[in-house]
Amino acid sequence: MRGPKHARDGIGTACGVVAAGVVAAFLTVAVVLAGQAWSAADPGFLFDPSSRVADRAGIGPALTGTIWLLALTVALALPVGIGTAVYLEEYAPRTGVAAVVGGLVANLAGVPSVVYGVAGLALFARGLGMGASLLAGGCTLAVLALPTVVVTSRAAIRAVPRGLREAAYGLGATRWQVVRGQVLPAAAPGIVTGSCAAFTRTAGEAAPLLVLGAAAFMTFAPRTPADPLASLPTQVFAWSTRSQQDFAAVAAGAGVALLLVLLVMNLAARTIRGRMQGGSA
């Protein structure tokens, strides 16, 4: 007779098959839409600026803006998030205040992204005078990604065996030497995985950037963080709301380009994680 364990295994296998089928169907639809978009667009679709005519519309400014936003988000959120996680796990006293702070940070990871957009509009765009710039968008997305980076980094640091720390302390190492030489290298693969998930989420966000006033039409690629805010998610939204049917195919192409950017990010994170695991083995 099959016991409860076999029944649970069967349910898990069925759920896995269904999930794989859904992903395969989604990828098939994405490939079909990409083919339609590339057939409807000029060869310079990846580099041409936006246009009011679908046949000439490209994603050059939006793609460049997305790369700028990713770079700013990583540069701002990664060191602050890892530093916060290290402090909360290795330095902060185990008091009720520290537990409350940790709980608040974890709860912030579930706040809707549009709320961060409103906060970014008030703080960065208007309060600090950044306006609807890439810098304001990068700061807003960094704040959006920060709670997830902190939570995942804390989990990775907490997973490091306690014996590794005690062995280093037994050899006379200071707390910072233990954190720098033992804890962070051991936790690095988990930190990279969690941070990549956070940045992948922020790269696909349109709501906070729309609240900031992202440009829907740009004829030049941004060159500095002070340039107007543009991104692939907001460009997809702008084209999807156009009444002309030809823009639907162009929007689909831009969406597939965004998926490719996220895929490259995840592949890079997997490569880095693999090298870190190989180096620490």
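Model, not experiment: these values are computed from the prediction.

Enquirer: How do you make sense of the overall build of the protein chain when you look at a structure like this?
Expert: For the protein chain, the count of helices and strands is 10 helices and 0 strands. For the protein chain, the α and β elements follow one another from N to C terminus as α-α-α-α-α-α-α-α-α-α. Relative to its full complement of 281 residues, the protein chain shows a buried share of 40%. For the protein chain, the computed accessible surface area is about 14800 Å², with 68% contributed by carbon and sulfur atoms.

Enquirer: I tried to follow the nonpolar core on my own but got confused; where do I start?
Expert: Core analysis: the biggest nonpolar cluster contains 24 residues, and Ile59, Phe199, Leu232, Trp239 and Ala254 have the highest contact counts within it. At the level of elements, helix 2 (60-91), helix 5 (134-158), helix 7 (175-203), helix 9 (232-240) and helix 10 (246-280) are the ones that each hand at least two residues to this core. Per element, the largest residue contribution to this core is 9 residues, and it comes from helix 10. The residues touching Phe199, leaving out its near neighbours within four places in the chain, are Leu70, Thr73, Val74, Ala77, Leu78, Ala145, Val149 and Met265. Leu72, Tyr116, Leu141 and Leu144 belong to the second largest nonpolar core, which has 12 residues in total.

Enquirer: Looking at this structure, how should I read empty space enclosed by the protein?
Expert: In this approach, a probe sized like a water molecule rolls over the atoms, and the result shows the empty space that is left. With the rule as written, the count across this model stands at 1 cavity of 30 Å³ or more. Of the volumes computed, that of the largest cavity is approximately 50 Å³. Surrounding the largest cavity, Thr66, Leu69, Leu70, Leu141, Thr202, Ala203, Glu205, Leu209, Ser231 and Pro233 form its lining. Of all the secondary structure elements, the ones that give two or more residues to the lining of the largest cavity are helix 2 and helix 7. Among the elements that make up the lining of the largest cavity, the one with the highest residue count is helix 2 (3 residues). A per-class count over the lining of the largest cavity returns 6 nonpolar, 3 polar and 1 charged.

Enquirer: Looking at this model, I keep getting lost on the packing of helix 2 against helix 9. Mind explaining?
Expert: Describing two packed helices takes the angle between their axes plus the distance from one axis to the other. Axis separation between helix 2 and helix 9 bottoms out at 8 Å; the angle between their running directions is 145 degrees. On helix 9, the residues that touch Ala62, Leu63 and Thr66 of helix 2 are Leu232, Pro233 and Gln235. Taken together, the residues that form the contact of helix 2 with helix 9 break down as 4 nonpolar, 2 polar and no charged.

Enquirer: When you look at the side chain of Asp227 in this model, what are you seeing that I'm missing?
Expert: If you trace the backbone, Asp227 turns up in the loop between helix 8 (207-212) and helix 9. For Asp227, which is buried and forms no salt bridge, the nearest opposite charge comes from Arg223, at a distance of 6.6 Å. A distance of 2.6 Å separates a polar atom in the side chain of Asp227 from the backbone nitrogen of Arg223. When near neighbours in sequence (up to four residues on either side) are disregarded, Asp227 contacts Ala132, Ser133, Leu134, Phe220 and Pro222.

Enquirer: Is there a simple way to explain helix 2 in this structure?
Expert: Two residues of an α-helix separated by three or four positions point the same way, owing to the 3.6 residues in each turn. For helix 2, which comprises 32 residues, the first-to-last C-alpha distance of 45 Å matches the rise-based estimate of 46 Å (1.5 Å per residue) to within 8%. At Ala77, helix 2 shows its largest kink, close to 25 degrees, and the proline Pro79 lies no more than four residues downstream.

Enquirer: It is not clear to me how the environment of Ala71 should be interpreted in this structure. Could you clarify?
Expert: Position of Ala71 among the secondary structure elements: in helix 2. Along the primary structure Ala71 and Phe199 are separated by 128 residues, whereas in three dimensions their C-alpha atoms are 9.9 Å apart.

Enquirer: How should I be thinking about the pattern of salt bridges in this particular structure?
Expert: Side chains carrying opposite charge are able to pair once their charged atoms draw close together. A full pass over the atoms with the stated rule returns 4 salt bridges. Note that Arg201 is salt-bridged to Glu205, the shortest N-O span being 3.5 Å. Judged by relative accessible area, Glu205 falls into the buried class, the value being 14%.

Criteria and thresholds
Residues numbered from 1 in each chain as written. Predicted model: local features only at pLDDT ≥ 70, side-chain atom pairs only at ≥ 80, totals over all residues. Heavy atoms only, no water. Helix = DSSP H or I, 4+ residues; strand = E, 2+ residues; numbered from the N terminus. Buried < 20%, exposed > 50% of the residue type's maximum accessible area, 1.4 Å probe, protein only. Areas by Shrake-Rupley, 256 points an atom, 1.4 Å probe, with all protein chains shown as cover. Core = buried A, V, L, I, M, F, W, Y, C linked by side-chain atoms within 4.5 Å. Contact = heavy atoms within 4.5 Å. 1 Å grid on protein atoms, 1.4 Å probe; cavity = no way out; pocket = protein on both sides within 12 Å on 5 of 7 lines; lining within 4 Å. Points joined across faces, edges and corners; volume = space filled by probe spheres on them. Nonpolar A, V, L, I, M, F, W, Y, C, P; charged D, E, K, R; others polar. Axes fitted to C-alpha atoms, helices over the stretch in contact; angles between N-to-C directions. Lys, Arg positive; Asp, Glu negative; His and termini not counted. Salt bridge = Lys/Arg side-chain N within 4 Å of Asp/Glu carboxyl O. Polar contact = N/O pair within 3.5 Å; in protein donor to acceptor, adjacent residues only side chain to side chain. Expected span 1.5 Å × (residues − 1). Bend = angle between axes of the 7 residues up to and from the residue.

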